[in-house]
Each structure stands twice: as C-alpha cells, then as structure tokens.
Amino acid sequence: MILTRLFYRTKKITAFKAMLIISIITSCSSAPKRPMEVRTVYQACSQNLETAKTFIASGNYESAGTSLKKAQNLALSIDNYDLLISTKLSFISLYLSLESPDIQAARKCLNEANAYIPNSDKPQRNMALYTLAKLRIVITSHSDFDYKSLMEELKEAEKYFSGEAFYKAQCQSISGDLNRINGDYKEADKHYQEAVKLFTS
C-alpha cells in the first residue's frame with residue numbers, strides 16, 4: 001500500500017515537472033514572436049488611420065468609418081492607448097466633416113480619448129491634441145464659446161507642437177476660426193494665411 005502511494009505521488013510530481021518544463025519551453029519559444037506581432041499590429045493600425053484620413057479628405061465617410069473601426073480593434077488588441085487616442089480623435093474629424101456634423105458622437109469620442117490620456121506614453125502631447133479636437137467641436141457647434149479662455153487653451157496646446165508644421169498649421173487655422181466667430185475678421189484672415197503657408201511649406 002505504501003509503495004503504491006509512493007508510486008502515484010512520484011508519478012504526479014514527474015507529470016507536474018514535465019508540464020512545468022513544457023510551459024517554460026513554450027514561453028521561451030513564443031517570447032520573440034510577441035514584439036514582432038505587436039509591431040505588425042501597430043503598423044496595420046497606423047495604416048488604417050492614414051487611410052481613414054485620406055477617405056475623410058475625399059469625402060468618402062463610409063469607408064473612413066470602416067477603416068477607423070479596424071484601427072480601433074487593432075489598437076485594443078495590443079492595449080495601445082496612444083493609438084486608441086489617435087483613433088478617437090480621427091473619429092471626431094469624421095463626425096465633424098459630415099454634411100450634418102454629429103456633435104454628440106464627437107463629444108462622446110472626446111470623452112473617451114480623455115479617459116485614455118493618463119495611461120498613454122505621451123500624456124502632455126495627447127492632451128494638446130485633445131485640446132485641438134475640443135476646440136474644433138466648439139467651433140463647429142458654436143457652443144460654450146469663451147474667446148479668451150479658448151485662445152489660452154490653444155496657445156498652451158501649441159507649445160507641444162514645436163517643429164511640427166502640420167499641427168502648427170492646424171493651430172493657426174483654429175485661431176482663425178476663433179477670431180472669425182469673435183467678429184475679428186482681419187485677425188482671422190491673418191491666421192488663415194499663416195495656416196496656408198505652413199500647410200504648403
């Protein structure tokens with residue numbers, strides 16, 4: 001009886017060791033694949049975001065929405081908060097570009113992007129991008145318009161785009177819109193012209 005128990009106990013220990021060795025070998029063999037998989041998914045997500053921007057610019061909103069949904073799923077699959085923020089902000093661009101802008105959907109995406117910012121790799125820069133999206137929603141909806149405070153937010157955001165002509169141009173364009181809504185058309189035109197220079201530089 002004692003020998004039988006000892007045999008089964010030894011058999012269990014041996015089986016446990018075998019499983020442990022298999023799990024170690026499996027984890028070691030798959031370790032190099034994970035970073036490669038993440039990079040592949042990251043690139044695919046980035047490509048879908050770029051494709052969506054092209055579709056938005058050309059007015060192909062249905063295809064833009066499809067590309068953004070793909071990008072969102074890919075970003076979620078690798079828990080990349082920076083990509084999720086980019087996806088949400090791109091959805092905002094889509095919703096504001098519609099013939100009848102969907103302000104409610106844009107605000108929902110803005111709140112979702114804001115929730116991701118604390119866990120992102122570049123929270124300050126993402127907050128600056130969030131601010132640009134927020135200002136675009138205000139400009140499109142003409143709601144919550146406080147010229148002085150909005151211009152202060154814009155100037156604060158612009159600090160994080162040093163050397164980035166594309167985002168500098170966006171800041172100038174938004175500044176033009178804020179001045180236009182505020183009734184200062186001469187100042188608005190000055191900013192629009194500066195935005196064109198940056199976009200074409």
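Predicted, not measured: the structure shown is a model, and the values here were computed from it.

A. Representation of the nonpolar core within the structure. Counting residues in each nonpolar core, the largest one holds 43 residues, and the members touching the most others are Ile92, Leu132 and Leu154. If one sorts the elements of this core by residue count, helix 6 (residues 123-141) sits on top with 9 residues. Beyond its immediate sequence surroundings of up to four residues, leucine 154 is in contact with Leu132, Leu135, Cys171, Ile174, Ser175 and Leu178.

B. Region of the structure containing the packing of aromatic side chains. Across all of its chains, the model carries 5 aromatic pairs by this definition. Taken together, a centroid distance of 5.1 Å and an interplanar angle of 20° make the contact between phenylalanine 161 and tyrosine 167 stacked. Given the relative accessible area of 0%, phenylalanine 161 is considered buried. Judged by centre distance (5.1 Å) and plane angle (80°), the rings of phenylalanine 166 and tyrosine 167 are edge-to-face. Every member of this aromatic cluster is reached through a ring pair, and the members are Phe161, Phe166, Tyr167 and Phe199.

C. Just helix 5 (residues 103-116), in detail. Between its first and last C-alpha, helix 5 extends 20 Å over 14 residues, near the 20 Å set by a 1.5 Å rise per residue. Elements in contact with the buried residues of helix 5: helix 4 (81-97) and helix 6.

D. Region of the structure containing the packing of helix 6 against helix 8 (residues 165-181). Relative orientation of the contacting elements helix 6 and helix 8 amounts to 35°, with a least axis distance of 10 Å. Regarding helix 6 and helix 8, the two cross each other, and that crossing is left-handed. Residues Arg125, Leu129, Leu132, Leu135, Arg136 and Ile139 of helix 6 pack against Tyr167, Gln170, Cys171, Ile174, Asp177, Leu178, Arg180 and Ile181 of helix 8. Split by residue class, the contact of helix 6 with helix 8 holds 9 nonpolar, 1 polar and 4 charged.

E. Geometry of the side chain of lysine 88. Looking at where lysine 88 falls in the secondary structure, it is placed in helix 4. Non-local contacts of lysine 88, meaning those with residues more than four positions away in its chain, are made with Gln72, Cys109, Glu112, Ala113 and Tyr116.

F. Summary view of helix 8. Under the 1.5 Å per step criterion, the end-to-end length of helix 8 is 24 Å for 17 residues, consistent within 8% with the ideal 24 Å. Every buried residue of helix 8 is accounted for by Tyr167, Ala169, Gln170, Cys171, Gln172, Ile174, Ser175, Gly176, Asp177, Leu178 and Asn179. The elements touched by buried residues of helix 8 are helix 6, helix 7 (147-158) and helix 9 (185-200). Positive phi shows up at glycine 183, right after helix 8, with a value of about 95°.

G. Spotlight on the pattern of salt bridges. For the structure on display, the rule yields 9 salt bridges. For glutamate 156, the salt bridge identified is with lysine 159, shortest N-O distance 2.9 Å. Arginine 180 serves as the salt-bridge partner of aspartate 177, at 3.5 Å between the closest nitrogen and oxygen. Of this pair, aspartate 177 and arginine 180 both sit in helix 8, separated by 3 residues, roughly a single helical turn. The exposure class of aspartate 177 is buried, given its relative accessible area of 18%. In this structure, a network of salt bridges that share partners links the residues Lys88, Lys108 and Glu112.

H. Inspection of the side chain of serine 120 at higher detail. Note on placement: serine 120 falls in the loop between helix 5 and helix 6. Serine 120 gets classed as buried once you look at its relative accessible area, which sits at 8%. A distance of 3.0 Å separates the side chain of serine 120 from the side chain of asparagine 126, its partner in a polar contact. The residues touching serine 120, leaving out its near neighbours within four places in the chain, are Tyr81, Asp82, Ile85 and Asn126.

So, how was this worked out
- Residues numbered from 1 in each chain as written.
- Predicted model: local features only at pLDDT ≥ 70, side-chain atom pairs only at ≥ 80, totals over all residues.
- Heavy atoms only, no water.
- Core = buried A, V, L, I, M, F, W, Y, C linked by side-chain atoms within 4.5 Å.
- Buried < 20%, exposed > 50% of the residue type's maximum accessible area, 1.4 Å probe, protein only.
- Helix = DSSP H or I, 4+ residues; strand = E, 2+ residues; numbered from the N terminus.
- Contact = heavy atoms within 4.5 Å.
- Phe/Tyr/Trp six-rings, centres within 6.5 Å; stacked < 30°, edge-to-face > 60°.
- Expected span 1.5 Å × (residues − 1).
- Axes fitted to C-alpha atoms, helices over the stretch in contact; angles between N-to-C directions.
- Left-handed = near helix turned anticlockwise from the far one by under 90°.
- Nonpolar A, V, L, I, M, F, W, Y, C, P; charged D, E, K, R; others polar.
- Salt bridge = Lys/Arg side-chain N within 4 Å of Asp/Glu carboxyl O.
- Polar contact = N/O pair within 3.5 Å; in protein donor to acceptor, adjacent residues only side chain to side chain.

So yeah, pure geometry; function would need other evidence.
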